[in-house]
There are 2 protein chains.
Amino acid sequence: MHEPTGLEVRGVLETCLYAEELEASAGFYERVLRLRAVSRLEGRHVFFRCGSGMFLLFDPNATQTDGGEVPPHGARGPGHVAFAVGAAELGSWRVHLEREGVPVEADVTWPSGGTSLYLRDPAGNSVELTTPTIWSIPEEDGLIGRPEADP
Amino acid sequence: MHEPTGLEVRGVLETCLYAEELEASAGFYERVLRLRAVSRLEGRHVFFRCGSGMFLLFDPNATQTDGGEVPPHGARGPGHVAFAVGAAELGSWRVHLEREGVPVEADVTWPSGGTSLYLRDPAGNSVELTTPTIWSIPEEDGLIGRPEADP
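Everything quoted here is computed from the prediction, not taken from an experiment.

About the criteria used
- Throughout this description, residue numbers start from 1 for each chain and increase along the sequence as written.
- Just so you know, chain letters begin at A and ligand numbers begin at 1, following the order they were written in.
- Restriction of local features to residues with pLDDT of at least 70 applies here, the model being predicted, together with a cutoff of 80 or more for giving and counting side-chain atom pairs; totals for whole chains, interfaces and linings are based on all residues.
- Side-chain metrics rest on all non-hydrogen atoms present in the structure, leaving aside hydrogens and water.
- The copies are overlaid by a least-squares fit using only the C-alpha atoms of residues whose pLDDT is at least 70 in both copies.
- Whether two residues are in contact is decided by their heavy atoms: any pair within 4.5 Å suffices.
- Comment: elements are numbered from the N terminus, with helices defined as DSSP H or I runs of at least four residues and strands as E runs of at least two.
- Values labelled buried area give the accessible surface lost by two parts on being combined, using a 1.4 Å probe and summing over both.
- Between Lys or Arg on one side and Asp or Glu on the other, a salt bridge is scored when a side-chain nitrogen of the former is within 4 Å of a carboxyl oxygen of the latter.
- Here a polar contact is taken to be a pair of N or O atoms separated by no more than 3.5 Å, where protein atoms must pair a possible hydrogen donor with a possible acceptor and residues adjacent in sequence count only if both atoms sit in side chains.
- Two strands make a pair as long as DSSP finds a minimum of two bridges between them.
- Geometry is summarised by axes, namely lines fitted to C-alpha atoms with helices restricted to the contacting stretch, and by angles between N-to-C directions that run from 0 to 180 degrees.
- Method remark: on a 1 Å grid restricted to protein atoms, a set of points is classed as a cavity if a 1.4 Å probe fits but cannot get out and as a pocket if it is open with protein on both sides within 12 Å along at least five of seven lines; lining residues have an atom within 4 Å of a point.
- Grid points are joined across faces, edges and corners, and a volume is the space filled by probe spheres set on the points.
- Under this grouping Gly is polar, as are all residues other than the nonpolar Ala, Val, Leu, Ile, Met, Phe, Trp, Tyr, Cys and Pro and the charged Asp, Glu, Lys and Arg.
- Within 6.5 Å between ring centres, the rings of Phe, Tyr and Trp (the latter by its six-membered ring) count as paired, and their orientation is classed by plane angle as stacked under 30 degrees, edge-to-face over 60, tilted in between.
- Between buried and exposed lies partly exposed: a residue is buried under 20% and exposed over 50% of the maximum accessible area for its type, with that area taken using a 1.4 Å probe on protein chains only.

1. Some remarks on the relation of the copies chain A and chain B
(1) Moving on: The operation relating chain A to chain B is a screw motion whose rotation component is 180°, with 0.0 Å of axial translation and a residual RMSD of 0.0 Å. When the rotation and shift are considered jointly, the pair of chain copies conforms to a two-fold rotation axis.
(2) Moving on: Interface overlap between copies is the fraction of interface residues in one copy that are interface residues in the other; for chain A against chain B it reaches 100%, indicating a shared surface.

Below you can see the structure in the form of structure tokens.
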């Protein structure tokens, strides 16, 4: 039934979360997660470049009633995202989070290897920092701009 | 304030959406988007490998009350995700979607180049198929398994 052979999705390009207090949450992603904002529309969205894709933060009040070419969307309640970090940097992340005053809600070492730190953004979304190896994904996959400090 | 220099998130590892009718939506991602399910827990989640990351589909009724090591999460209402597809394959995707009986809610060609097809999954989430070039991201970035049919 499927054709042509080889038709496939290549990856996730846009990952979205929602925050009614848009600037407070955007500040969290900029300051705490150190993401780079590349587009802002006040009261509607802040878009971040992240690795080989985009992380999009929306105010659902705006996107649910948008009109225009883009179909409406907008979720409520705590969503979830996991960001990949290098295993060698987990200790530095813990120090950084403590300095930023961001509590680690859970610090999980998985039986099969790898570690996850769970935080909350100001909107209540569950934000995970984790090592890609938890999914048997090499650390090098899908990266741009490896940290300079890396060996 | 920030240290050590070079501490950075490397990319999005897990992108999540929610669906109360979990299997209906999982079937959409398997059949229509041809994602490969790699983990299933009946009534809670279906996890898909997608490019250099993971796409996770959860029943929010399960994840909001989970207990265990992983902090609770779970959103309601239409979320959004965009999947990267090759520009040369857009025509084949349109044919495939029509054969699968999936309406294209919007078919947008952006002024700066690139095209987006917007669909709905059975849970009502807004699902976009688009060319990474809309974000000035090269098609090759973050890919695994380029389609065999590609030149």
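2. Some points on the environment of P111 of chain B
(1) Moving on: Within the element layout of this structure, P111 of chain B appears in the loop between β6 (106-109) and β7 (115-120).
(2) Moving on: In the structure, P111 of chain B is positioned 21 residues away from P132 of chain B in sequence and 14 Å away in space, judged by C-alpha atoms.

3. A look at the interface of chain A and chain B
(1) Moving on: Across the contact, 78 residues belong to chain A and 78 residues belong to chain B.
(2) Moving on: Carbon and sulfur atoms supply 59% of the area buried between chain A and chain B, which totals about 6800 Å² over both sides.
(3) Moving on: A per-residue breakdown of the area chain A buries against chain B is headed by L7, R10 and W135 of chain A, which together make up 14% of the total.
(4) Moving on: Linking chain A to chain B there are two salt bridges.
(5) Moving on: Connecting chain A to chain B are 23 residue pairs in polar contact (both at pLDDT 80 or more).
(6) Moving on: Take the side of chain A that touches chain B: its biggest share by element is seven residues, from strand β1 (residues 11-18) of chain A.
(7) Moving on: Here four bridges tie β1 of chain A to strand β5 (residues 80-84) of chain B, and the two strands are oriented antiparallel to one another. If you follow G11 of chain A over to β5 of chain B, its bridge partner there is A84 of chain B.

4. Examining the sheet that holds strand β2 (residues 36-41) of chain B
(1) Moving on: Ordered in space as β6(A)-β7(A)-β8(A)-β5(A)-β1(B)-β4(B)-β3(B)-β2(B), the eight strands form an open sheet in which the pairing is mixed. The open sheet has two edge strands with one neighbour each: β6 (106-109) of chain A together with β2 of chain B. The sheet shows a mean angle of 20° between the axes of neighbouring strands, direction not considered.
(2) Moving on: Sheet topology note: the β6 of chain A/strand β7 (residues 115-120) of chain A ladder contains four bridges and is antiparallel. The residue bridging D107 of chain A from the neighbouring strand is L117 of chain A, located in β7 of chain A.
(3) Moving on: The strands touched by helix α3 (residues 90-99) of chain A are β6, β7 and β8 (126-130) of chain A; relative to β7 of chain A, the strand with the most contacts, the crossing angle is about 20°.

5. Let's talk about empty space enclosed by the protein
(1) Moving on: Under the definition given, this model contains three cavities of 30 Å³ or more.
(2) Moving on: If you add up the space inside the second largest cavity, you get close to 140 Å³.
(3) Moving on: Lining the second largest cavity are 15 residues, with C16, Y18 and A75 of chain A together with Y18 and A75 of chain B positioned closest to its centre.
(4) Moving on: Within the residue set of the lining of the second largest cavity, elements represented by two or more residues are β1 of chain A together with β1 (11-18) of chain B.
(5) Moving on: Residues that form the lining of the second largest cavity fall into these classes: eight nonpolar, seven polar and no charged.

6. Some remarks on the packing of aromatic side chains
All names here are of chain A.
(1) Moving on: Inspection of every chain in the model, using the stated rule, returns 18 aromatic pairs over all chains.
(2) Moving on: Between Y29 and F55, the aromatic rings sit 4.7 Å apart at their centres with planes inclined by 55°, giving tilted as the arrangement. Residue Y29 is located in helix α1 (residues 22-31), and its partner F55 is located in strand β4 (residues 53-58); the two are separated by 26 residues in the primary sequence. With respect to class, Y29 is no different from F55; both count as buried.
(3) Moving on: Clustering of aromatic rings is evident, with ring pairs tying together F28, Y29, F48, F55 and F83.

Geometry only, nothing functional implied.
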